[in-house]
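Coordinates in review
Listed below are the residues making up each chain.
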Amino acid sequence: DAKTTQPNSMESNEEEPVHLPCNHSTISGTDYIHWYRQLPSQGPEYVIHGLTSNVNNRMASLAIAEDRKSSTLILHRATLRDAAVYYCILRDKVGGATNKLIFGTGTLLAVQP
Amino acid sequence: GAVVSQHPSWVICKSGTSVKIECRSLDFQATTMFWYRQFPKQSLMLMATSNEGSKATYEQGVEKDKFLINHASLTLSTLTVTSAHPEDSSFYICSARDGRFYVGTQYFGPGTRLTVL
């Protein structure tokens, strides 16, 4: 599986936008980019995923570089409840439902009031 | 979104005993379920992948005789930690994917914290 690189930690102020970067220079043409987050002592929570085009949902936006070698998760207005570890994960669409999500170290986001 | 439940949420057991953890998909059929383990301040580590009605596929380094996985139905998978020892103390998280979708979103349970004394 292609690997991703994320900063270990980031800080943000409440109600400000947050841009969480992810590098995936060895991404293949069939890899989807997934983002999950994990709050303390909880299981991971799905945030968003995309392939080539930018994606928006009620939680966040995903901006994907034109060459797909990097992406950015955007939280438009951070709240204290957004403090979590954010994981950027690649998953190959080939092979269907059995393809695994392999977690890296993620980015620990701290949100200051 | 879809809901995955785990039971129990926490368990304390004595060394040498076996512990069973249940994982259920509540509102969708999970053709594939995954089991992860997470030690404090570390990331999730995939232990095994199970498909309904077939044997689980274990990741390298995970003892299949120690971590027994059964995926008997489309909504239930169980992980049994046999002859548990203190080093098995960890946060165990299951995950399920709706097999109807080609790029199915993977949903995670809330986790089970196992403490072996």
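In what follows, the accompanying structure is described.

Reading the values: the criteria
Residues numbered from 1 in each chain as written. Chains lettered and ligands numbered in written order. Predicted model: local features only at pLDDT ≥ 70, side-chain atom pairs only at ≥ 80, totals over all residues. Heavy atoms only, no water. Helix = DSSP H or I, 4+ residues; strand = E, 2+ residues; numbered from the N terminus. Rg over C-alpha atoms; globule rule 2.2 N^0.38 Å. Buried < 20%, exposed > 50% of the residue type's maximum accessible area, 1.4 Å probe, protein only. Contact = heavy atoms within 4.5 Å. Areas by Shrake-Rupley, 256 points an atom, 1.4 Å probe, with all protein chains shown as cover. Lys, Arg positive; Asp, Glu negative; His and termini not counted. Charge placed at Lys NZ, Arg CZ, Asp CG, Glu CD. Core = buried A, V, L, I, M, F, W, Y, C linked by side-chain atoms within 4.5 Å. 1 Å grid on protein atoms, 1.4 Å probe; cavity = no way out; pocket = protein on both sides within 12 Å on 5 of 7 lines; lining within 4 Å. Points joined across faces, edges and corners; volume = space filled by probe spheres on them. Nonpolar A, V, L, I, M, F, W, Y, C, P; charged D, E, K, R; others polar. Pairing = 2+ DSSP bridges. Phe/Tyr/Trp six-rings, centres within 6.5 Å; stacked < 30°, edge-to-face > 60°. Disulfide = S-S within 2.5 Å.

What to know about the overall build of chain A
Across its full length, chain A holds zero helices and nine strands. Here chain A has a C-alpha radius of gyration of 13 Å; the compact-globule value for 113 residues is 13 Å, and the two agree. In terms of principal-axis extent, the alpha carbons of chain A reach across some 45 × 30 × 25 Å. By residue count, 43% of the 113 residues in chain A fall in the buried class. For chain A, the proportion of contacts with a sequence separation of at least 24, taken over those separated by at least 6, is 57%. Total accessible area on chain A stands at roughly 5,700 Å², and carbon and sulfur atoms take up 48% of it. Each charge sign in chain A was given a centre, from 10 positive and 11 negative side chains, and these centres are 8 Å apart.

Details of the nonpolar core
Core analysis: the biggest nonpolar cluster contains 24 residues, and W35(B), F67(B), L79(B), Y92(B) and L114(B) have the highest contact counts within it. Taken together, the elements giving at least two residues each to this core come down to β2 (10–13), β3 (19–25), β4 (30–38), β5 (45–51), β7 (67–73), β8 (76–81), β9 (90–98) and β11 (112–116) of chain B. Core analysis: the second largest hydrophobic core is formed by 20 residues, C22(A), I33(A), W35(A) and A78(A) among them.

Observations regarding the layout of surface pockets
When its volume is computed, the largest pocket comes out at roughly 560 Å³. V85(A), Y87(A), Q38(B), K41(B) and Q42(B) are, among the 22 residues lining the largest pocket, the residues nearest its centre. Those elements that provide at least two residues to the lining of the largest pocket are β8 (84–92) and β9 (107–112) of chain A. Looking at the lining of the largest pocket, its residues break down into eleven nonpolar, nine polar and two charged.

Describing the pairing of β11(B)
All names here are of chain B. A one-sided burial pattern is seen for β11, the buried positions being T112, L114 and V116 and the unburied ones R113 and T115. Across four bridges, β2 lies against β11 in parallel orientation. By the bridge assignment for β11, I12 is matched with T115. Both β9 and β11 contribute to a ladder of three bridges, which runs antiparallel. When the bridges of β11 are listed, Y92 appears paired with T112.

A word on the packing of aromatic side chains
Overall, the coordinates contain nine aromatic pairs over all chains when judged by the stated rule. Centre to centre, the rings of Y87(A) and F103(A) are 5.0 Å apart; their planes meet at 85 degrees, and the pair counts as edge-to-face. You can see Y87(A) sitting in strand β8 and its partner F103(A) sitting in the loop between β8 and β9, a full 16 residues away along the chain. Aromatic pair F67(B) and Y92(B): ring centres 6.4 Å apart, planes at 40 degrees, arrangement tilted. Highlighted residues: F67(B) in strand β7 and Y92(B) in strand β9, separated in sequence by 25 residues. Judged by its relative accessible area of 3%, F67(B) falls in the buried class. According to the relative accessible area criterion, Y92(B) is buried, its value standing at 0%. Members of the aromatic cluster, connected to one another through ring pairs, are Y36(A), Y46(A), Y87(A), F103(A), Y36(B) and F108(B).

Here's the deal with the state of the cysteines
Scanning the entire structure with this criterion turns up two disulfides over all chains. Covalent S-S linkage joins C22(A) and C88(A), the inter-sulfur distance amounting to 2.1 Å. Given an S-S torsion of about -80 degrees, the disulfide between C22(A) and C88(A) has left-handed geometry. Of this pair, C22(A) sits in strand β2 (residues 18–23) while C88(A) sits in strand β8, and the two are 66 residues apart along the sequence. Note on accessibility: C22(A) and C88(A) belong to one class, buried. Two residues share a disulfide in this structure: C23(B) and C94(B), whose sulfurs sit 2.0 Å from each other.

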